[in-house]
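Chain by chain, the residues run as shown.
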Amino acid sequence: MTAPGTARLEDCLARWAGAIPALARIAERLRQLGGGDDPDALAELYEQAYPPLERALWSTPEDFE
């Protein structure tokens, strides 16, 4: 179930969790939150997702456009 305001995060996690283990843990935590009634917890998950995504993005700069 998609919590309000988390559709993009859920899409990103679903796409990349298999390749980036840290995102799999974040995806599990998001599922545990369920309805997403805790905006502070959701903001924390977004903040946790940025570093592994950025590392993956910049690990192959020749593919970045």
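Look up: the structure comes first, before these words.
Reading the values: rules and limits
Residues numbered from 1 in each chain as written. Predicted model: local features only at pLDDT ≥ 70, side-chain atom pairs only at ≥ 80, totals over all residues. Heavy atoms only, no water. Salt bridge = Lys/Arg side-chain N within 4 Å of Asp/Glu carboxyl O. Helix = DSSP H or I, 4+ residues; strand = E, 2+ residues; numbered from the N terminus. Buried < 20%, exposed > 50% of the residue type's maximum accessible area, 1.4 Å probe, protein only. Core = buried A, V, L, I, M, F, W, Y, C linked by side-chain atoms within 4.5 Å. Contact = heavy atoms within 4.5 Å. Axes fitted to C-alpha atoms, helices over the stretch in contact; angles between N-to-C directions. Parallel < 35°, antiparallel > 145°, perpendicular 65-115°, else oblique. Left-handed = near helix turned anticlockwise from the far one by under 90°. Nonpolar A, V, L, I, M, F, W, Y, C, P; charged D, E, K, R; others polar. Patch = residues over 30% accessible without salt bridge, like charges linked within 9 Å, V, L, I, M, F, W, Y side chains within 5 Å. Areas by Shrake-Rupley, 256 points an atom, 1.4 Å probe, with all protein chains shown as cover. Lys, Arg positive; Asp, Glu negative; His and termini not counted. Charge placed at Lys NZ, Arg CZ, Asp CG, Glu CD.

Caption draft 1: Just the pattern of salt bridges, in detail. Counted according to the given criterion, the structure contains one salt bridge. Note that Arg31 and Glu28 form a salt bridge whose closest N and O atoms lie 3.1 Å from each other. Of the two residues, Arg31 and Glu28 are both situated in helix α2 (residues 21-33); the distance of three residues between them amounts to about one turn of the helix. Using a relative accessible area of 56% as the deciding quantity, one classes Arg31 as exposed.

Caption draft 2: View of the nonpolar core. Counting 11 residues, the largest nonpolar core consists of Leu9, Leu13, Ala17, Ile20, Leu23, Ile26, Ala27, Leu30, Leu42, Leu45 and Ala49. Listed by contribution, the elements that provide at least two residues to this core are α1 (7-16), α2 and α3 (39-59). Looking at this core, the element that brings in the most residues is α2, giving four residues. Among all residues touching Leu45, those that are not within four sequence positions of it are Leu9, Ile26, Arg29, Leu30 and Leu33.

Caption draft 3: Representation of the packing of α1 against α3. Interhelical geometry of α1 versus α3 gives an angle of 40 degrees and a closest axis separation of 12 Å. Accordingly, the angle class assigned to the pair α1 and α3 is oblique. Judged by the twist between their axes, the crossing of α1 over α3 is left-handed. Of α3, the residues touching α1 (which contributes Leu9, Cys12 and Trp16) are Leu45, Tyr46, Ala49 and Leu53. When grouped by side-chain class, the residues that make up the contact of α1 with α3 number seven nonpolar, no polar and no charged.

Caption draft 4: Region of interest: a negative patch on the surface. A surface patch of like charges, here negative, comprises Asp37, Asp38, Asp40 and Glu44. Here Glu44 lies in helix α3. Classification of Glu44 as partly exposed rests on a relative accessible area of 47%.

Caption draft 5: Representation of the packing of α2 against α3 in the model. With their axes 10 Å apart at the nearest point, α2 and α3 run at an angle of 165 degrees to one another. One finds that α2 runs roughly antiparallel with respect to α3. Helix-helix and strand crossings are classified by hand; for α2 and α3 the assignment is left-handed. In this structure, α2 contributes Ala22, Leu23, Ile26, Arg29, Leu30 and Leu33 to the contact, and α3 contributes Ala41, Leu42, Leu45, Gln48, Ala49, Pro52 and Leu53. For the contact of α2 with α3, the residue count by class is 11 nonpolar, one polar and one charged.

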